[in-house]
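Geometric and topological summary
Residues per chain, in single letters:
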Amino acid sequence: MNNETTTTFSDLFNDNFLESFQSDISLTQTLLSLGISFLLGLFVYFLYKRVFSGVLYSRNFNTALMGLTMITTLIIIAINSNLVLSLGMVGALSIVRFRTPIKDATDLVFLFWAVAVGIVSGAGFYSLAVLGSVCIGMVLFLFMKRTTLDNPYLFIVHCDGIESEQAVYKEIQQAVKKFNVKQKNVTADDTELTLELRLKKDEPAFVHTINEISGVKNAVLLSYDGDYTS
């Protein structure tokens, strides 16, 4: 006689099975996980503020990164304690849609970093969370924090003819490290030049010199992040 029993799919969700996946949430473990996620979220907060190179810094977005780290940790702690709750959270979170646009690709990197720190901290892998955050932070700092000399600039000049345009090119060749023309708009009485350039010195004093060239109406120097749409 065969005494082997066959486990069906419905048997997986009986009381004994579910109870084996239920555990009490330790207050000490919870506070430790939240404390580590807070410290790592604070690290993400200060690093984002330090390496930000966009047009307008958003303090609310940066604060949200730190909050997202702790919230994710809290969710992972709850999921680890109860199988039924974890299935319910997966279903609930799968229908959530975030409509906030991400204007900079680096913001997306920091978002994923905050979520990853929260997941790893909530799962109890504290050494991995700390070591991974330190490594990621060093890489981001080294590659994103650029000095002013390395930043590209947009230089917009309005002049009234070919002679003044040639004079502008001549002066720029002497004053900057390198440049290239991004756009040239010519009308009957005006020529608009948009150039991307790299400075030789910290002080862009050459703008005053170019503005004094005969035929130049105005000159504007703008710092930008390298993304340009013609």
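So, here's what we can say about the structure. (Residues numbered from 1 in each chain as written. Predicted model: local features only at pLDDT ≥ 70, side-chain atom pairs only at ≥ 80, totals over all residues. Heavy atoms only, no water.)

**With respect to the packing of helix H2 (residues 27–51) against helix H5 (residues 105–122)**
Here H2 crosses H5 at 165 degrees, and the two axes come no closer than 9 Å. Here H5 runs roughly antiparallel to H2, going by the angle between their axes. Where H2 crosses over H5, the two elements pack in a sense that is right-handed. Contacts between H2 and H5 involve Ser 33, Ile 36, Ser 37, Leu 40, Phe 43, Val 44, Leu 47, Tyr 48 and Val 51 from the former and Asp 107, Phe 110, Trp 113, Val 117 and Ser 121 from the latter. In terms of residue class, the contact of H2 with H5 is built from ten nonpolar, three polar and one charged. (Axes fitted to C-alpha atoms, helices over the stretch in contact; angles between N-to-C directions. Helix = DSSP H or I, 4+ residues; strand = E, 2+ residues; numbered from the N terminus. Parallel < 35°, antiparallel > 145°, perpendicular 65-115°, else oblique. Left-handed = near helix turned anticlockwise from the far one by under 90°. Contact = heavy atoms within 4.5 Å. Nonpolar A, V, L, I, M, F, W, Y, C, P; charged D, E, K, R; others polar.)

**Details of H5**
With 18 residues, H5 should reach 26 Å at 1.5 Å per residue; the first-to-last C-alpha distance of 26 Å fits that figure. The complete set of buried residues in H5 reads Asp 107, Phe 110, Trp 113, Ala 114, Val 117, Gly 118, Ser 121 and Gly 122. The buried residues of H5 occupy one face: seen down the axis, they fall within an arc of 155 degrees. Exposed and oriented more than 90 degrees from the buried face of H5 are Ala 105 and Phe 112. Turning to H5, the residues buried within the fold contact H2, helix H3 (59–81) and helix H6 (126–144). (Expected span 1.5 Å × (residues − 1). Buried < 20%, exposed > 50% of the residue type's maximum accessible area, 1.4 Å probe, protein only. Arc of directions from axis to C-beta.)

**Concerning the sheet that holds strand E2 (residues 176–186)**
Spatially, E2-E3-E1-E4 is the arrangement adopted by the four strands of the open sheet, whose pairing is antiparallel. The outermost strands of the open sheet, each flanked by one partner alone, are E2 and strand E4 (216–223). Between one strand axis and the next, the sheet turns through 20 degrees on average, direction left out of account. Two elements, strand E1 (residues 153–159) and strand E3 (residues 191–199), share seven bridges in a ladder whose sense is antiparallel. (Pairing = 2+ DSSP bridges.)

**Quick look at the pairing of E3**
Counted residue by residue, E3 has seven buried out of nine residues, so it is predominantly covered. Two strands pair when backbone bridges link them, and E2 and E3 are joined in this way by nine bridges, in the antiparallel orientation. Following the sheet pairing, Asn 180 is matched in E3 by Glu 196. The hairpin turn running from E2 into E3, its antiparallel successor, is four residues long.

**What to know about H3**
Between the first and last C-alpha of H3 there are 34 Å, a value that for 23 residues agrees with the 33 Å anticipated at 1.5 Å per step. Phe 61, Asn 62, Leu 65, Met 66, Thr 69, Thr 72, Thr 73, Ile 76, Ile 77, Ala 78 and Ser 81 are the residues of H3 that are buried.

**Brief notes about the packing of aromatic side chains**
Counted by the stated rule, this structure contains seven aromatic pairs. Ring centres 5.5 Å apart and planes at 55 degrees place the aromatic pair Tyr 48 and Phe 61 in the tilted group. Note that Tyr 48 is positioned in helix H2 and Phe 61 in helix H3, a separation of 13 residues in sequence. Residue Tyr 48 shares its accessibility class with Phe 61, and that shared class is buried. Residues Tyr 169 and Phe 179 carry aromatic rings whose centres are separated by 6.3 Å and whose planes lie at 20 degrees to one another, so their mutual orientation is stacked. Here Phe 179 lies in strand E2 and Tyr 169 lies in helix H7 (residues 162–175), a separation of ten residues in the sequence. (Phe/Tyr/Trp six-rings, centres within 6.5 Å; stacked < 30°, edge-to-face > 60°.)

Shape descriptors only; they carry no functional weight alone.
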